Amino acid sequence: MERERNAWPDLTYQTWRETAATLQLWTQIVGKVRLGLAPWVNHSWQVPLYVAARGLTTSPMPFAGEILEIEFDFVHHRLLARTSRAEERSFALEPQTVADFYARVGALLRELGVKVEINDRPVELANPIRFAADRTHRSYDADAAGRFWRVLMKTDIVLTHFRSGFLGKVSPVHFFWGSFDLAVTRFSGRRAPPHPGGIPGLSDEVTREAYSHEVSSAGFWPGNDAFPRAAFYSYAYPQPAGFSSQPVTPPAYYDTGLGEFILPYEQVRQAADPEATLLDFLTRTYTAAADAAQWDRAALECRLGVPGRVRPVPQESVTGSSR
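Below or above, wherever it landed, is the structure these notes cover.

With that settled, the discussion passes to the overall build of the protein chain. Within the protein chain one finds eight helices and twelve strands. At 20 Å, the protein chain has a C-alpha radius of gyration in line with the 20 Å of a compact globule built from 323 residues. Expressed as lengths along the three principal axes of its C-alpha atoms, the size of the protein chain is roughly 60 × 50 × 45 Å. Contacts spanning at least 24 positions in sequence make up 61% of the contacts within the protein chain whose residues lie at least 6 apart.

This is the structure:
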């Protein structure tokens, strides 16, 4: 029973394709509430959602001197909104059109006295339908949504562990609702050349701010119609010469179309030790990027963090005379 509870669940794209498409749009609606309330932070870090104990959360958002938090609960299948005024509103996550979900979120916010304006045009999608007019996407398979959340949860644990082995600038583990993926990003500290842009449904201004500095980024993506399988990925921007030919965790491979390393989710799920397999992939692909781009690894890296144990400060980093 314990093994079954801790297992990485099946997430075959074709079995929950319609729910995935609908859920991505629902998360964009909630994510745009955060975009409308939170002050802009470097690399758009004010907009993502975060993995929570029962689903995905906005984390606290400011409004009128108070705090609002919205959560997708994929255990009890409800959307919940809470404020620091001890108010709470919710409605069921169930089959409903994007237009209806959009209207219900708006009504919920009005009941809580939250004033926010959002652009109802979806981002990072080809041929988007405005939320208020979208009666095409309406699927919600509760079991599939729960399995998706458990994959995010288990991935978040490994990404958080991987994140602890870096002294330089490193992002929190973010769920980006535009691209519908969970990611963590390490930075070399150096500026990057301007990004060429051209991402569908995303302004070049946003893209260039997001990639203003050199990065190695990795995460999980459930797939879409163009790439219909769940996978872990890792890429570098700008991509240094020799990056794509570096040896990485079998059976990972470099996808020339995507321009990044891919490790199929199913291969991790079936591995004898999925967590160790994923951590090895993250480590090796980061190393490939850092070595190819000649990052100052000695200054940027450290041992992985251990719960309850203070990270030792290297003696050579201590400066100044004793007092």
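Anyway, onward from the coordinates.
Our next topic: the sheet that holds strand E9 (residues 213–221). On the basis of which strands lie adjacent, the open sheet formed by six strands has the order E7-E8-E9-E10-E12-E11 and antiparallel pairing. Among the strands making up the open sheet, the edge pair consists of strand E7 (174–176) and strand E11 (253–255). Neighbouring strand axes in the sheet, compared pairwise and without regard to direction, differ in orientation by 30° on average. Contacting E7, strand E8 (181–191), E9 and strand E10 (231–237), helix H4 (residues 142–163) crosses the sheet at an angle of about 25° to E8.

This part is about the pattern of salt bridges. In total, this model carries 18 salt bridges according to the counting rule given. A salt bridge links arginine 89 to glutamate 111, with the shortest nitrogen-to-oxygen separation between them at 3.0 Å. Of this pair, arginine 89 sits in strand E6 (residues 88–92) while glutamate 111 sits in helix H3 (residues 98–111), and the two are 22 residues apart along the sequence. A salt bridge links aspartate 291 to arginine 297; the nearest nitrogen and oxygen atoms lie 2.9 Å apart. Owing to a relative accessible area of 42%, aspartate 291 belongs among the partly exposed residues under this scheme. Beyond isolated ion pairs, a larger network of salt bridges with shared partners links Asp10, Glu266 and Arg269.

With 19 residues, helix H7 (residues 274–292) extends 27 Å between its outermost C-alpha atoms, agreeing within 8% with the 27 Å of an ideal straight helix rising 1.5 Å per residue. Along H7, the residues that are buried comprise Pro274, Thr277, Leu278, Leu279, Phe281, Leu282, Thr285, Tyr286, Ala288, Ala289 and Ala290. Positive backbone phi, approximately 60°, marks glutamine 294, located one or two places after H7.

Now for the packing of aromatic side chains. Scanning the entire structure with this criterion turns up 25 aromatic pairs. Centroid distance tyrosine 211 to tyrosine 237: 5.5 Å. Interplanar angle 65°. Geometry classified as edge-to-face. Highlighted residues: tyrosine 211 in the loop between helix H5 (204–210) and E9 and tyrosine 237 in strand E10, separated in sequence by 26 residues. Relative accessible area serves as the criterion here: at 12%, tyrosine 237 is assigned to the buried category.

How each quantity is defined
- Residues numbered from 1 in each chain as written.
- Predicted model: local features only at pLDDT ≥ 70, side-chain atom pairs only at ≥ 80, totals over all residues.
- Heavy atoms only, no water.
- Helix = DSSP H or I, 4+ residues; strand = E, 2+ residues; numbered from the N terminus.
- Rg over C-alpha atoms; globule rule 2.2 N^0.38 Å.
- Contact = heavy atoms within 4.5 Å.
- Pairing = 2+ DSSP bridges.
- Axes fitted to C-alpha atoms, helices over the stretch in contact; angles between N-to-C directions.
- Salt bridge = Lys/Arg side-chain N within 4 Å of Asp/Glu carboxyl O.
- Buried < 20%, exposed > 50% of the residue type's maximum accessible area, 1.4 Å probe, protein only.
- Expected span 1.5 Å × (residues − 1).
- Phe/Tyr/Trp six-rings, centres within 6.5 Å; stacked < 30°, edge-to-face > 60°.

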